[in-house]
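# Fold and geometry: a report
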Amino acid sequence: MADFINIGFGNLVNTEKVIAVVNPDAAPIKRMVQNAKEQQHIIDATQGRRTKAVIVMETEQIVLSAVQPDTIARRMAEGTAISKRSPKGE
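Residues numbered from 1 in each chain as written. Predicted model: local features only at pLDDT ≥ 70, side-chain atom pairs only at ≥ 80, totals over all residues. Heavy atoms only, no water.

### Comments concerning the overall build of the chain
Each helix and strand counted, the chain has two helices and seven strands in total. Counted from the first residue to the last, the chain has its helices and strands arranged as β-β-β-α-β-β-β-α-β. Residues counted as buried form 31% of the 90 residues belonging to the chain. Within the chain, residue pairs in contact and separated by at least 24 positions form 53% of the contacts whose partners lie at least 6 positions apart. Only carbon and sulfur atoms are counted for the fraction: they give 47% of the accessible area of the chain, which is about 5,800 Å². (Helix = DSSP H or I, 4+ residues; strand = E, 2+ residues; numbered from the N terminus. Buried < 20%, exposed > 50% of the residue type's maximum accessible area, 1.4 Å probe, protein only. Contact = heavy atoms within 4.5 Å. Areas by Shrake-Rupley, 256 points an atom, 1.4 Å probe, with all protein chains shown as cover.)

Structure below.
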């Protein structure tokens, strides 16, 4: 069973695959985002808004979100995840 959290504008992320949720303002994070763009490992979920959080995934993909990192962390901690169960109960 996978749990998903809303990262803004109806976009969802699998909580089991999240490694870190960080602020995009630090220079190392900016370099990481730039490298991911060059390797086409970026998922931009900002809907054209300013990036406020960078979500690092297990799959080496980077997700950009317009929601604050503390809001995303709170949603994960509170268990406000959206459960996705397979139709056959697997």
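### Some thoughts on the pairing of strand E5 (residues 53-57)
Counting buried positions along E5 gives five out of five residues, so the element sits mostly inside the fold. Taking every second residue as pointing to the same face, both faces of E5 are buried, with Ala53, Ile55 and Met57 on one and Val54 and Val56 on the other. The pairing of E5 with strand E6 (residues 62-65) spans four bridges and is antiparallel. Looking at the pairing, isoleucine 55 lines up with valine 63 of E6. Where E5 hands over to E6, the hairpin turn is made up of four residues, of which glutamate 60 adopts a positive phi near 70°. (Pairing = 2+ DSSP bridges.)

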